[in-house]
Amino acid sequence: MDIDKLFKDKEFLKKEINFFISKKHIKIIQENKELVQSHIKKARHNIEFYKLNKPHSKFNDWLIVTLYYALYHSALALITNKNYSSKNHYATILILIKEYSITKDEAKLLNDLSINKEDAELYTDLKEDRHDASYATDIKFDQEAIIDYENKVLDFINKTEELIQRWNTRNWRARGRE
C-alpha cells in the first residue's frame, strides 16, 4: 500500500475507492450511531483483553493481533460515522483517508484530532504484523514493539472517540439551526 500516493494523489484515491464500491466492499449506509458505538465498545473490549494478557510475553504474537483488531474496530467506527461500511481492510483505510484527511489550515485548527499519514501507516504496519503474527511459524515480537503499538493504538482509539464526539456535536448544532 502506497500511503504517500493515497494522500498526495486524490484521483488515485478516488479510483481505488470506486473499485471497492464496484466490488461491493464499500457501501454507503444509513446513519447508525449504535453501530458506531458498538465498534468503539469492541475496540475497548479488545484493549481490555490485551491488558489482561500483556504480562504473558510468550504470546506477543497474539497481543499484536488483539491490538490490530482494536485499531480496526476504531477505524470501522470512524467510517460508520461517515455512513460507510467496509468488508475489506484496505478499503477501510481508503475511506479513512478520504473522509478524515484535512488541509493545513484545518490541521492548525484540529492539530492532532485528524487521521494523518502516521495514523494510516500505523494501520498498515500493524496490519502487516497482525498477518505475520497470525500465520508465521516463528515468534518475532518483543515487548518494546508491543508497548509501542499499545501506545499508538490507545492514542488512535482516543482520537476516534474525540473525532466522533466533535462530529456529532457539530452536526447536532447544525441540525438545530435548520
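Preceding this paragraph is the structure being described.
No experiment lies behind these values; they were computed from the predicted model shown.

**Q** Could you clarify how one ought to interpret the overall build of the protein in this entry?
**A** Per the secondary structure count, the protein includes 8 helices and 2 strands. Listed by position from the N terminus, the elements making up the protein come as α-α-β-α-α-β-α-α-α-α. Scored against the burial criterion, the 178 residues of the protein give a buried share of 42%. The contacts of the protein with a sequence gap of at least 6 include a subset with a gap of at least 24, amounting to 77%.

**Q** Is there a simple way to think about the nonpolar core in this case?
**A** The nonpolar side chains of a soluble globular protein tend to be buried, and buried together. Leu126 and Val153 are the most contacted members of the largest nonpolar core, which totals 47 residues. Residue assignment for this core shows that the elements contributing at least two residues are α1 (3-8), α2 (10-22), α3 (33-53), α4 (60-81), α5 (89-100), α7 (117-135) and α8 (143-177). Top contributing element to this core by residue count: α4, with 13 residues. In this structure, Leu126 is in contact with Ile64, Leu67, Tyr68, Leu71, Tyr149 and Val153, ignoring residues within four places of it in sequence.

**Q** Help me understand the side chain of Glu16, please; the structure alone is not making it clear to me.
**A** Along the chain, the position of Glu16 falls in helix α2. Of the side chains with opposite charge, Lys15 lies nearest to the buried Glu16, which makes no salt bridge, at 4.8 Å. For Glu16, the residues in contact, after removing those within four places along its chain, are Leu6, Tyr90 and Leu94.

**Q** Could you clarify how one ought to interpret the pattern of salt bridges in this entry?
**A** Any two side chains of opposite charge can pair, on the condition that their charged atoms come close. For the coordinates displayed, the defined rule picks out 5 salt bridges. Here Lys54 ties to Glu150 by a salt bridge, and the two come within 2.7 Å at their closest N and O atoms. Linking Lys54 in the loop between α3 and α4 with Glu150 in helix α8, this pair joins segments that are 96 residues apart in sequence. Between Glu162 and Arg166 there is a salt bridge, and its shortest N-O distance comes to 2.7 Å. You can see Glu162 and its partner Arg166 sitting in helix α8, 4 residues apart, about one turn around the helix. By relative accessible area, which is 26% here, Glu162 ends up partly exposed.

**Q** Hey, could you run me through the packing of aromatic side chains in this one?
**A** A ring pair, where both rings are aromatic, is described by two values, the distance of the centres and the angle of the planes. Under the counting rule described, the total for this entry stands at 5 aromatic pairs. On the numbers, 6.3 Å between centres and 90 degrees between planes, the contact of Tyr69 with Tyr72 is edge-to-face. Taken together, the residues Tyr69 and Tyr72, both in helix α4 and 3 residues apart, mark about one turn of the helix. Given the relative accessible area of 28%, Tyr69 is considered partly exposed. Linked through ring pairs, Phe19, Phe20 and Tyr90 together constitute an aromatic cluster. Here the guanidinium or amino end of Lys5 rests over the ring plane of Phe12, the centre of that ring lying 4.3 Å away. In this structure, Lys82 packs its charged tip against the face of Tyr100, placed 5.1 Å from the ring centre.

**Q** Would you mind showing me how to read the side chain of Thr160 here?
**A** Position of Thr160 relative to the elements: it lies in helix α8. Ignoring any residue separated from it by four or fewer positions in sequence, one finds Thr160 in contact with Ile40, Ser74, Ala77 and Leu78.

**Q** Just to check I follow, could you spell out the packing of α4 against α5 for this structure?
**A** Packed helices, taken two at a time, are described by the angle their axes make and the gap between the axes. Taken N-terminus to C-terminus, the directions of α4 and α5 make an angle of 50 degrees; their axes are 10 Å apart at the nearest point. With respect to each other, α4 and α5 are oriented oblique. Seen along the crossing, α4 lies across α5 with a hand that is left-handed. Note on element contacts: α5 touches α4 through His89, Thr92, Ile95, Leu96 and Tyr100, opposite Tyr68, Tyr69, Tyr72, Ala75, Leu76, Leu78, Ile79 and Asn81. Taken together, the residues that form the contact of α4 with α5 break down as 10 nonpolar, 3 polar and no charged.

What counts, and at which threshold
Residues numbered from 1 in each chain as written. Predicted model: local features only at pLDDT ≥ 70, side-chain atom pairs only at ≥ 80, totals over all residues. Heavy atoms only, no water. Helix = DSSP H or I, 4+ residues; strand = E, 2+ residues; numbered from the N terminus. Buried < 20%, exposed > 50% of the residue type's maximum accessible area, 1.4 Å probe, protein only. Contact = heavy atoms within 4.5 Å. Core = buried A, V, L, I, M, F, W, Y, C linked by side-chain atoms within 4.5 Å. Lys, Arg positive; Asp, Glu negative; His and termini not counted. Salt bridge = Lys/Arg side-chain N within 4 Å of Asp/Glu carboxyl O. Phe/Tyr/Trp six-rings, centres within 6.5 Å; stacked < 30°, edge-to-face > 60°. Lys NZ or Arg CZ within 6 Å of the ring centre and 35° of its normal. Axes fitted to C-alpha atoms, helices over the stretch in contact; angles between N-to-C directions. Parallel < 35°, antiparallel > 145°, perpendicular 65-115°, else oblique. Left-handed = near helix turned anticlockwise from the far one by under 90°. Nonpolar A, V, L, I, M, F, W, Y, C, P; charged D, E, K, R; others polar.

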